[in-house]
Every structure is written in structure tokens, then in C-alpha cells.
Amino acid sequence: MILAAIFPPASSISASPLAFELYPYEPAADPAAAVVVGKARFTVLTPRLLRLEYSETGTFEDRPTLAFVNRKQPVPEFTWSAVAGTLTTAALRLHYAGGAFSAQSLWVTPAPGAKRTAFAGWRFGMTSDADPGNLRGTIRTLDRTANISLDCNHLTSDRHCAWGVVSQSGWSLVNETGVPCLGADDWWADAEGSMLRNIDTHDLYLFAHGHDYPAALHDLQAVGGKVPLLPRRNLGVWFTRWYDYDAADVRRLVGEFERRALPLDVLVLDMNWHTKDAWTGYSFDKTLFPDPAEALGWLRSKGLAVAANLHDAEGINPWEERHAAAAAAMGQPNASGQLALRLTSKEYVFALEDVVLRPREEEGMRFWWIDWQQGETQGGTGQDHRPDGKMNPTVWTAKARVTDSLRRCRTGGGCSDLRGVTLSR
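Residues numbered from 1 in each chain as written. Predicted model: local features only at pLDDT ≥ 70, side-chain atom pairs only at ≥ 80, totals over all residues. Heavy atoms only, no water.

If you tally the helices and strands in the chain, you get six helices and 17 strands. Taking 22 Å as the expected radius of gyration for a compact globule of 425 residues, we find that the chain reaches 24 Å, a close match to that expectation. Seen along its three principal axes, the alpha-carbon backbone of the chain occupies a region of about 75 × 50 × 35 Å. A total of 425 residues make up the chain; the buried ones form 50% of that total. Long-range pairs, those at least 24 residues apart, make up 67% of the contacts in the chain between residues at least 6 apart in sequence. Put simply, the chain shows about 19400 Å² of open surface, and 55% of that area lies on carbon and sulfur atoms. With 43 positive and 49 negative side-chain charges, the chain shows a separation of 5 Å between the mean positions of the two kinds. (Helix = DSSP H or I, 4+ residues; strand = E, 2+ residues; numbered from the N terminus. Rg over C-alpha atoms; globule rule 2.2 N^0.38 Å. Buried < 20%, exposed > 50% of the residue type's maximum accessible area, 1.4 Å probe, protein only. Contact = heavy atoms within 4.5 Å. Areas by Shrake-Rupley, 256 points an atom, 1.4 Å probe, with all protein chains shown as cover. Lys, Arg positive; Asp, Glu negative; His and termini not counted. Charge placed at Lys NZ, Arg CZ, Asp CG, Glu CD.)

Spatial ordering of the open sheet is given by β2-β3-β4-β12-β11, a layout of five strands whose pairing is antiparallel. Every other strand in the sheet has two partners, leaving β2 (34-37) and β11 (172-175) as the edge strands with one partner each. Neighbouring strand axes in the sheet, compared pairwise and without regard to direction, differ in orientation by 20 degrees on average. Looking at chain direction, β11 and strand β12 (residues 202-207) are connected through four bridges and run antiparallel. (Pairing = 2+ DSSP bridges. Axes fitted to C-alpha atoms, helices over the stretch in contact; angles between N-to-C directions.)

Take the environment of Thr65 next. With respect to the secondary-structure elements, Thr65 resides in the loop between β5 (59-61) and β6 (78-81). Along the sequence, Thr65 and Pro27 sit 38 residues apart, while their C-alpha atoms lie 8.5 Å from each other. For Thr65, the contacting residues outside a window of four places in its chain are Arg71, Glu176, Val179, Pro180, Cys181 and Leu182. Within the structure, Thr65 has its side chain in polar contact with the side chain of Glu176 (distance 2.5 Å). (Polar contact = N/O pair within 3.5 Å; in protein donor to acceptor, adjacent residues only side chain to side chain.)

What follows deals with the side chain of Asp200. Here Asp200 lies in the loop between β11 and β12. Taking relative accessible area as the criterion, Asp200 reaches 4% and is therefore assigned buried. Within polar-contact distance, the side chain of Asp200 engages the backbone nitrogen of Glu61 at 3.2 Å.

We now examine the sheet that holds strand β7 (residues 86-89). On the basis of which strands lie adjacent, the open sheet formed by five strands has the order β6-β7-β8-β9-β10 and antiparallel pairing. The open sheet has two free edges, formed respectively by β6 and β10 (122-123), since each of these has just one partner strand. In this structure, β6 lies alongside β7, joined through four bridges in antiparallel fashion. Bridge pairing links Trp80 to Leu87 in β7.

Further remarks concern the pairing of strand β9 (residues 106-110). Pairing geometry for strand β8 (residues 92-96) and β9, over five bridges, is antiparallel. Across the sheet, the residue bridging to Arg93 is Thr109, located in β9. Across two bridges, β9 lies against β10 in antiparallel orientation. Residue pairing across strands places Val108 opposite Trp122, the latter belonging to β10.

Moving on: the packing of helix α5 (residues 346-363) against helix α6 (residues 393-410). At a minimum axis separation of 11 Å, α5 and α6 run at an interaxial angle of 85 degrees. Considered as vectors, α5 and α6 are oriented roughly perpendicular to each other. Note on element contacts: α6 touches α5 through Ala400, Arg401, Asp404, Arg407 and Arg408, opposite Val349, Phe350, Leu352, Glu353, Asp354, Leu357, Arg358 and Glu361. Across the contact of α5 with α6, the residue classes break down as five nonpolar, no polar and eight charged. (Parallel < 35°, antiparallel > 145°, perpendicular 65-115°, else oblique. Nonpolar A, V, L, I, M, F, W, Y, C, P; charged D, E, K, R; others polar.)

This paragraph deals with the confidence of the model for the chain. When pLDDT is averaged along the chain, the result is 94, and 98% of the positions lie at 70 or above. Below pLDDT 50 for its whole length, residues 1-8 participates in 13 contacts with residues either more than four positions away or in separate chains. (pLDDT = per-residue confidence, 0-100.)

Before going further, it helps to spend a moment on the side chain of Thr46. Relative to the assigned elements, Thr46 resides in strand β3 (residues 40-46). Among the polar contacts listed, one links the side chain of Thr46 to the side chain of Asp219, at a separation of 2.8 Å. If we ignore the near neighbours within four places in the chain, the residues touching Thr46 are Pro76 and Asp219.

Okay, structure coming up:
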């Protein structure tokens with residue numbers, strides 16, 4: 001193992017453990033796992049997962065991002081040769097000739113004597129989007145698609161396409177250059193609403209697992225955070241329909257399932273549940289549900305979890321039941337107009353979640369269906385200017401609502417048994 005005392009401490013943007021995740025993830029890697037050479041820093045996260053950073057300022061990024069939150073891993077055995085410019089783990093050998101990253105200055109090969117795998121080597125400039133062997137990742141939605149490709153090169157940026165961390169070529173590269181970082185309160189913007197941008201000139205993660213795909217996924221969850229277990233009900237039978245159901249209709253609907261001995265676990269109310277002054281709405285339409293708490297309580301007595309559709313794009317409008325309370329919580333007690341969607345403002349988001357939506361949850365709403373209407377840059381997002389749009393409304397509304405319960409509990413806002421779940425379109 002390399003001794004940290006060999007190298008002067010690297011200048012870095014400090015980071016604190018995440019506050020509102022399942023675990024107190026440590027975003028800064030153990031200094032003993034890193035080698036700093038001039039303006040480059042190489043971190044051995046696992047024997048087959050390397051973080052490769054270059055910073056023109058000489059200051060490196062330690063804050064968490066949306067994808068990498070737990071870089072503090074047990075330090076693997078590795079060696080560094082300053083003379084040869086090589087860092088060697090049990091599986092890999094990194095070669096660095098110094099200076100700016102290029103195909104001639106930075107490359108990775110299998111370690112001498114390591115077990116042979118499908119990983120044959122990688123050079124700076126090789127990317128997953130140009131790798132025909134990549135086994136693909138995810139896109140934002142399958143809504144209104146047919147036989148869609150998961151090849152990000154053939155999709156528009158609003159698909160939020162991501163490449164997989166496994167490949168028939170034996171390696172995959174995740175590029176975190178310029179993405180949002182998370183600061184205090186796990187927030188992605190400063191007090192003025194400017195994105196907390198990753199300060200590294202290059203911030204790359206090389207997954208070099210060969211065809212050991214389970215190991216690649218294991219390492220991803222180790223540094224990216226564990227995947228919460230879904231409530232069992234969410235793996236069951238759901239029903240939803242875009243229709244003006246009222247409280248009596250809902251009772252009849254559930255009765256039909258019972259009469260036919262059909263299982264039903266989750267009932268999702270489409271957007272008609274709320275008032276129709278705009279596409280966005282957070283208040284029950286009392287002509288359909290005159291007593292929302294009674295209706296939701298009856299559904300809960302039937303063993304059903306209830307979710308409802310949200311379109312957040314048009315903010316909190318004056319006709320909402322909780323508009324005045326939300327304005328006061330935002331420090332604008334005299335505001336009488338629309339409170340515009342501001343996803344870079346803690347005051348706005350916490351008022352929406354805790355003042356506007358929490359009463360609905362206390363009435364019996366178990367989780368939310370975040371429908372896609374917010375575009376790619378609304379609410380102050382889109383500041384990363386990356387073609388894959390890592391700073392977008394979809395990811396932040398989902399993150400906020402998945403972590404609401406933990407955040408409230410850990411900040412004195414009251415604890416509940418609600419588990420973090422969203423349905424996102």
C-alpha cells in the first residue's frame with residue numbers, strides 16, 4: 001500500500017457526509033488511496049475501479065455528485081513508482097507520463113501477472129459512447145416509445161440516456177466532468193441558485209472489470225450508494241386511468257376488483273384529482289373528493305397504497321389551498337401571485353414539499369407520480385450545459401421526494417414510516 005506521507009496533501013474542495021441518504025456516505029476518498037502528481041490525482045477506489053482527475057487549478061473535487069456519493073472505501077493494496085510513472089493494483093496498471101491528459105500521457109493496462117480478463121487496455125480519449133461493446137444503461141422513460149434503442153448516440157438529450165458500466169470490451173468510462181456537486185443539505189446550488197459545478201478539468205471513473213459484470217455492479221453501488229429496497233406493495237398490481245374519478249367512483253372501482261377476486265396493491269390517481277385551474281395542481285378538487293382524508297382513509301383500510309400525479313412546471317399558484325402558507329415559509333408573506341418553480345432554491349423546494357405536499361401525505365397519500373412536464377431547464381436547471389443534461393428537473397424532483405421523509409426526520413420535522421419512493425415518467 002502506498003504511504004500517504006510520500007505526497008503533500010492535495011488541495012481539494014472539502015466535503016461532508018451526506019445528510020439525507022440512507023447511510024452517512026463519505027464522499028471524500030481516504031487520502032491513502034490517492035496519488036497526486038502535479039495537476040493530476042489518481043484514486044484507487046477498488047482494484048478495478050479508478051478515479052482519474054486533472055485540475056488546471058491544482059484543486060480537486062471531493063464533494064459528492066448525484067452519481068458518486070461514497071468514495072471513502074477500504075484502501076486496496078497498490079504501489080506507485082514515481083520513476084516509471086506507474087500505479088499498480090492487483091488487477092490494473094495505470095501509466096502517467098505527466099502533463100495534461102492525452103492518449104500519450106495517460107493509459108491503463110492489465111497489471112503484470114494479473115489474471116487474464118476481457119480488459120485489454122484503455123487510453124485517455126476512449127469513451128463509452130464510441131465503444132460498440134457497451135451493454136447500455138438507462139433512459140428517463142419508455143413513455144410513448146416502441147422498440148427504442150438504448151444507444152445514447154441515437155437519442156435526444158431529453159432521454160437522459162446513460163451508458164452502462166459493463167461492456168463486452170471489458171471497460172466502461174463514466175465522465176463526471178462539469179456535473180452538479182452536492183453541498184450543505186445535500187443541495188446542488190448556492191444561495192443565488194448557481195449550480196455547484198464539479199471543479200475538475202477532467203473527472204473520469206474507469207470500470208475495468210472485464211466480463212465480471214456482477215463485480216462492476218458491486219463496485220458501482222459501493223461508491224454510488226446502495227439501492228433502497230422497494231416496499232413490497234410496489235412490486236404488486238397497480239391501477240391508474242386518466243379519468244375524472246370521484247370518491248364514489250373509486251369505491252366502485254375497488255369493489256369491482258374485489259368482486260372479481262383480482263389483486264390490487266397500488267391505486268394511482270391521475271391529474272384529475274386536483275383542481276383544474278392549471279396543468280399543475282396541489283389541492284384536491286372538492287367537487288370530486290369533498291373529504292379527501294375520508295376517501296384516502298377508506299382506501300388505506302382496503303390495504304391499498306395511494307399515489308397521485310404531479311406536474312410541477314407552473315409552480316405554486318394563488319388558488320392553491322397552501323399558497324399563503326408556502327409564501328410565508330419562503331419569507332414572502334405578502335406574495336399574492338404565482339410562486340414560480342425554482343428547483344435551485346431550498347426555500348421553494350422545502351416549502352413545496354413540507355408546506356404544500358406534506359398535508360396531502362398526512363391525509364393518506366403514500367407517494368407521488370412525477371409526470372414529465374418540466375422540460376430540461378425549467379426551475380433554474382440546465383446549468384451544466386452537458387449534452388446528456390445531468391442537471392434537470394426530473395432528477396431533482398425525484399431526489400427531493402425520495403429523501404423527504406429522512407430529511408424531515410433528521411431536521412426535527414417529525415419522523416414517519418414513509419419510505420422513499422417515487423414513480424417518475
